[in-house]
Amino acid sequence: MLYLDNAATTKPFPWALELYAKIASTYFANPSSIHYFGASAKRELEQAREEVLSSLKLSSTHRCVFLSGATEGNNMVFSGVTSTYASRGKTILFGATEHPSVKETALSLTKLGFNVKPIPVNEEGKVTVETLSSMMDKDVILVSIMAVNNEVGTINDIPALAKVVKGYPKAFFHSDITQSVGKVDMDYSLCDFLTFSGHKLGALKGSGALILKSSIKLESFHKGGTQENGYRAGTVDLAGAMTLSKCLAYEEKHSEENRYKVSLLNQHLRESLEKIEEIEINSPLDCSPYLLNFSFRLHKASVIVEALSEKEIYVSSISACSSKREPSSYVLEAMGKDHIAYENSIRVSFNPELTIGDIDMFTGALKQILSEVKPR
Ligand code: PMP
């Protein structure tokens, strides 16, 4: 089996599974219980929060809310800002290539009277400072721009974009950092909200965090409890939160060496694919080294993904969250690619355990499939 779909999810670290089991059986008390056992669980929970903030190089300027993942966090940001700060303004801006959990959540707010606008990206998939500046005005209450795109790996200059939004005191800046956290070095200190999932970091599915500026008050999306400082009702998964904090710390600690390893794999694959005539590479050269996206000019991508899958080689045609619903990539379309490119793309996503031999196995299998499968 050759798993090249790490941007969809990663295999949990074996030590993370052990850690989860150990914490779940040691600290099974409810951190909200006022007895001694509950208080010890709460202490561990608060320590996990501190660890997450410290891994992100943030301090008491921000707080950490544990939740089930980026989708929930993204929903909470949009719902919280629009229900708490509606009187400030009615305009919401989001990057045109955002993950569906941002894009669809933002668009759903038009029903409530918000003026929701996608921010166009350039041909590399980046939101530029110039474009964002041209769309900002006093009516904007929320701007959401992802750090690294999940399909092509484009990196946005989050500190520069956040700085633009800081010029408008009524507007909040959110960044979905699911594909950058622990992987790409970035300063998040100017962001009001950050969201990410644990399962892209070797932690467990169903864990994640919302980071928000300590000064921000949000009406809770969930009703029925005061857990997570009132931001998320319901009993917290302490073992999930602690495992997430340890995996994030581990990934941050190894991020430079891991980035170097995956850069070599990425470069090797890019060079091999450039030799195949019908392949067009969509990921910009300065993208996250963890992803490489390309399109077929002659073959149908879904057929190639299936043929690779029969050989136990696993890649994505488009992001796992949209692949059931959409036949084509709105990310590539927003980047100005033509319909052949946006209907026939593949994403390969790496982890540092892979070898150059694995990449050669992938390109060998791909070439064989392209020679055997009839073009469109
Ligand atoms: N945002 C981005 C950028 C992602 O890549 C993903 C996962 N595909 C999500 C949000 C959603 O994450 P989850 O499904 O863990 O909630």
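Higher on the page you've got the structure.
Scope of this entry: the structure provided in the associated data block. Not measured: the values here are computed from a predicted model.

### Notes on the overall build of the chain
Item 1. The number of helices and strands found in the chain is 12 helices and 12 strands.
Item 2. On C-alpha atoms alone, the chain measures out to a radius of gyration of 21 Å, which is about the 21 Å that the 2.2 N^0.38 rule sets for 376 residues.
Item 3. In terms of principal-axis extent, the alpha carbons of the chain reach across some 65 × 50 × 35 Å.
Item 4. Counting only residues that meet the buried cut, the chain has 57% of its 376 residues in that class.
Item 5. Across the chain, contacts joining residues at least 24 apart in sequence account for 72% of those joining residues at least 6 apart.
Item 6. Surface accessibility of the chain: about 16000 Å² in total, with carbon and sulfur atoms responsible for 55%.
Item 7. Between the mean site of the 40 positive side-chain charges and the mean site of the 44 negative ones, the chain shows a separation of 6 Å.

### A few points about the site of the ligand
Item 1. The environment of the ligand is made up of 13 residues, and the closest members are Thr 71, Asp 176, Ser 197, His 199 and Lys 200.
Item 2. At 3.5 Å, a backbone N or O of Ala 70 approaches an oxygen atom of the ligand.
Item 3. Contact between the ligand and Asp 176: a nitrogen atom at 2.6 Å from a side-chain N or O atom of the residue.
Item 4. When isolated, the ligand has an accessible area of 400 Å², and the protein chains bury 88% of it.
Item 5. Residue composition of the shell around the ligand, by class: 3 nonpolar, 8 polar and 2 charged.

### What about the packing of helix α1 (residues 14-26) against helix α7 (residues 238-253)?
Item 1. In contact at an axis separation of 8 Å, α1 and α7 are set at 145 degrees when each is read in the N-to-C sense. Pair α1 / α7 crosses with right-handed handedness. Across the interface between the two elements, Trp 15, Ala 16, Leu 19, Tyr 20, Ile 23 and Ala 24 of α1 pack against Leu 238, Ala 239, Gly 240, Met 242, Thr 243, Lys 246, Cys 247 and Tyr 250 of α7.
Item 2. Each residue belonging to the contact of α1 with α7 can be placed in one class, and the counts come to 11 nonpolar, 2 polar and 1 charged.

### Overview of the nonpolar core
Item 1. Leu 56, Leu 132, Val 143, Phe 196 and Ile 211 are the most contacted members of the largest nonpolar core, which totals 53 residues.
Item 2. Broken down by element, this core gets its largest block of residues, 6 residues, from α7.
Item 3. The contact partners of Val 143, leaving out residues within four places of it in the chain, are Leu 93, Ile 119, Leu 132, Met 136, Val 165, Phe 172, Phe 173 and His 174.
Item 4. Counting 30 residues, the second largest nonpolar core, distinct from the first, contains Leu 4, Phe 294, Ala 307 and Ile 369.

### So, the sheet that holds strand β12 (residues 345-349)
As a general point, the strands of a sheet are linked pairwise by backbone hydrogen bonds and lie either parallel or antiparallel.
Item 1. The strand order across the open sheet built from 3 strands is β9-β10-β12, with neighbouring strands paired in antiparallel fashion. Looking at strand neighbours, the two that pair on one side only are β9 (279-281) and β12, the edges of this open sheet. Taking the axes of each pair of neighbouring strands and ignoring which way they run, one obtains an average angle of 30 degrees across the sheet.
Item 2. Strand direction decides the pairing type here: β9 and strand β10 (residues 291-296), joined by 3 bridges, are antiparallel.

Rules used throughout
Every chain is numbered on its own, with residues counted from 1 as its sequence reads. Since the coordinates come from a predicted model, pLDDT governs what is reported: local features require at least 70, and pairs of side-chain atoms require 80 or more to be given and counted, while whole-chain, interface and lining totals use all residues. Side-chain calculation: all heavy atoms of the structure are included, whereas hydrogens and water are not. By definition, any uninterrupted DSSP run of H or I lasting at least four residues is a helix, any uninterrupted run of E lasting at least two residues is a strand, and each is numbered from the N terminus. Radius of gyration here uses only the C-alpha atoms, and the compact-globule reference equals 2.2 Å multiplied by the residue count raised to the power 0.38. Throughout, exposure labels follow a simple rule: accessible area from a 1.4 Å probe, protein chains only, divided by the maximum for the residue type, with under 20% read as buried, over 50% as exposed, and the rest as partly exposed. Two residues qualify as a contact provided that any one of their heavy atoms is within 4.5 Å of a heavy atom in the partner residue. Note on areas: Shrake-Rupley, 1.4 Å probe, and residue coverage restricted to the protein chains presented here. We count Lys and Arg on the positive side and Asp and Glu on the negative side, and we leave His and both chain ends out. Each charge is placed at NZ for Lys, CZ for Arg, CG for Asp and CD for Glu. The nearness test applies per residue and asks whether one of its heavy atoms lies within 4 Å of the molecule or strand. Whenever a nitrogen or oxygen atom comes within 3.5 Å of another N or O atom, the pair is scored as a polar contact, on the condition that within protein one atom can donate a hydrogen and the other can accept it, and that pairs from neighbouring residues in sequence are kept only if both atoms are in side chains. When residue character is reported, Ala, Val, Leu, Ile, Met, Phe, Trp, Tyr, Cys and Pro are called nonpolar, Asp, Glu, Lys and Arg charged, and the others, Gly included, polar. Axis lines are fitted through C-alpha atoms, for helices just across the contact stretch, and the angle between N-to-C directions can take any value from 0 to 180 degrees. Whether a crossing is left-handed or right-handed is set by the direction in which the near helix is turned from the far one by less than a right angle, anticlockwise for left-handed and clockwise for right-handed. Each nonpolar core is a collection of buried residues, namely Ala, Val, Leu, Ile, Met, Phe, Trp, Tyr and Cys, held together in the definition by side-chain atoms within 4.5 Å. For two strands to count as paired, DSSP must find a minimum of two bridges between them.

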